[in-house]
Amino acid sequence: MTRILLIRHGHTELLGKVLYGRMSGVHLSEQGRQEVQRLAGALKERYQVHEILSSPMDRARETAEAIAAVQPAEIVFDSDLQEIDFGEWTGRSFHELMVDQRWKLYNRARSLTGAPGGEYTLQVQLRAWNALERAAERHRDKPDATVAVVSHGDVVRGLLMLFLGMPIDHIHRIEVFTGSVSEVILGHPYPQVIRVNQVF
C-alpha cells in the first residue's frame, strides 16, 4: 500500500488571468508562499513523507522545496507531472479564450478535444499515472509509504477522475485549490480516495 498526497502548487500572480501552462518563470506569489508554508507544517504534523515527487516547473519546485524543508525526504522531479501543454493557447488571457469556440468545446468534451498544438487531457492523465506507478514501485518494499506528489490543477483533477472512475469530461466537477492536498491510497484491489481538496 502506498499513500499518495496529491498537492497542487501554491498561488501565482497569473492565476485566473492568463493560461500560463508551461510558460517559464512563473513563481509562487506571496500568497502562494504562505499557502505552502501552512501546507508543509500541516503535513509534518500528520504524515511521515518518504518521498516528494514533483513537476519540474518553478511553482511546483518551490512548493516541493517548502515541504522538503520540514520533512527528511528527497525531492524527485518527474516531467510526467508537469502542466498540460496548451500549445498555441499558452500565454493567452482567459478573456481572449472565452470567445474562442475551440476553448469552449475543449471544456465541454475533454475526452475528444485537445489543445491546438498541445495535449489531450487523457494523455496528461496517463503520463501522470505512469509517474505515480513508478513511485509506488520504488516504495514497494516499504509498508505504508507516503509520497507527496506536487503538480498542477488539471493534472491533479485528471488523476482524481481516474481514481474515482469518472469520465474526464467531468473534470470541472472537482475543485482543486492552490496549496491543497487530496489523499489516495494505492492498494489492491483498487485505489481509495480518502480526501479531496483539503486546505490548511
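Source: prediction; values computed, not measured.

Participant: Can you help me understand the overall build of the protein chain in this one?
Facilitator: A count of helical and extended segments in the protein chain gives 6 helices and 6 strands. Each helix and strand of the protein chain, placed in order from N terminus to C terminus, yields the pattern β-α-β-α-β-α-α-α-β-α-β-β. What you see for the protein chain is a C-alpha radius of gyration of 16 Å, in line with the 16 Å of a compact globule of 200 residues. Projected onto its principal axes, the C-alpha coordinates of the protein chain cover approximately 50 × 40 × 25 Å. Counting only residues that meet the buried cut, the protein chain has 51% of its 200 residues in that class. Sequence separation of at least 24 residues holds for 69% of the intrachain contacts in the protein chain that already meet a minimum separation of 6.

Participant: Sorry if this is basic, but what is going on with the packing of aromatic side chains here?
Facilitator: Within a pair of aromatic rings, the relevant descriptors are the distance that separates the centres and the angle that separates the planes. Going through the model one piece at a time under the given rule, you end up with 5 aromatic pairs. Joined through ring pairs, the aromatic side chains of Trp89, Phe94, Trp103 and Tyr106 make up one cluster.

Participant: When you look at the sheet that holds strand β2 (residues 51-54) in this model, what are you seeing that I'm missing?
Facilitator: Strand pairing in a sheet takes place through backbone hydrogen bonds and is either antiparallel or parallel in direction. The strand order across the open sheet formed by 6 strands is β3-β2-β4-β1-β5-β6, and the pairing between neighbours is mixed. The open sheet has two free edges, formed respectively by β3 (74-77) and β6 (192-198), since each of these has just one partner strand. Within this sheet the neighbouring strands show an average axis-to-axis angle of 20 degrees, counted without direction. Relative to β6, strand β5 (residues 181-186) is paired through 4 bridges, and the arrangement is antiparallel. Bridging from a neighbouring strand, Ile185 pairs with Gln192 of β6.

Participant: Help me understand the pairing of β5, please; the structure alone is not making it clear to me.
Facilitator: For a regular strand, the rule is simple: side chains alternate between the two faces of the sheet. Summarising burial for β5: 6 of the 6 residues are buried, a large majority. Residues of β5 alternate between two faces, with Val181, Glu183 and Ile185 on one and Ser182, Val184 and Leu186 on the opposite face, all of them buried. Joining the antiparallel neighbours β5 and β6 is a turn of 5 residues.

Participant: Sorry, what's going on with the nonpolar core here?
Facilitator: Inside soluble globular proteins, nonpolar side chains tend to come together where they are buried. Of all hydrophobic cores here, the largest spans 32 residues; its most connected members are Leu6, Trp89, Leu132 and Val149. Going through the elements one at a time, β1 (2-8), α4 (101-108), α5 (121-138), β4 (145-151), α6 (153-164) and β5 are the ones with two or more residues in this core. Once residues within four sequence positions are removed from consideration, Leu132 is found in contact with Ile4, Leu6, Leu53, Val149, Leu159 and Phe163. Formed by 15 residues, the second largest nonpolar core is a distinct cluster that contains Ile7, Val49, Ala64 and Val181.

Participant: Looking at this structure, I do not really get the pairing of β4. What am I missing?
Facilitator: Burial within β4 is extensive, with 7 of its 7 residues counted as buried. Judged by which residues are buried, β4 turns out to be covered on both faces: Ala145, Val147, Val149 and Ser151 on one side and Thr146, Ala148 and Val150 on the other are all buried. Pairing geometry for β1 and β4, over 7 bridges, is parallel. Note on β4: the bridge partner recorded for Thr2 is Ala145. Pairing between β2 and β4: 4 bridges, direction parallel. Bridge pairing in β4 places Ser54 opposite Val150.

So, how was this worked out
Residues numbered from 1 in each chain as written. Predicted model: local features only at pLDDT ≥ 70, side-chain atom pairs only at ≥ 80, totals over all residues. Heavy atoms only, no water. Helix = DSSP H or I, 4+ residues; strand = E, 2+ residues; numbered from the N terminus. Rg over C-alpha atoms; globule rule 2.2 N^0.38 Å. Buried < 20%, exposed > 50% of the residue type's maximum accessible area, 1.4 Å probe, protein only. Contact = heavy atoms within 4.5 Å. Phe/Tyr/Trp six-rings, centres within 6.5 Å; stacked < 30°, edge-to-face > 60°. Pairing = 2+ DSSP bridges. Axes fitted to C-alpha atoms, helices over the stretch in contact; angles between N-to-C directions. Core = buried A, V, L, I, M, F, W, Y, C linked by side-chain atoms within 4.5 Å.

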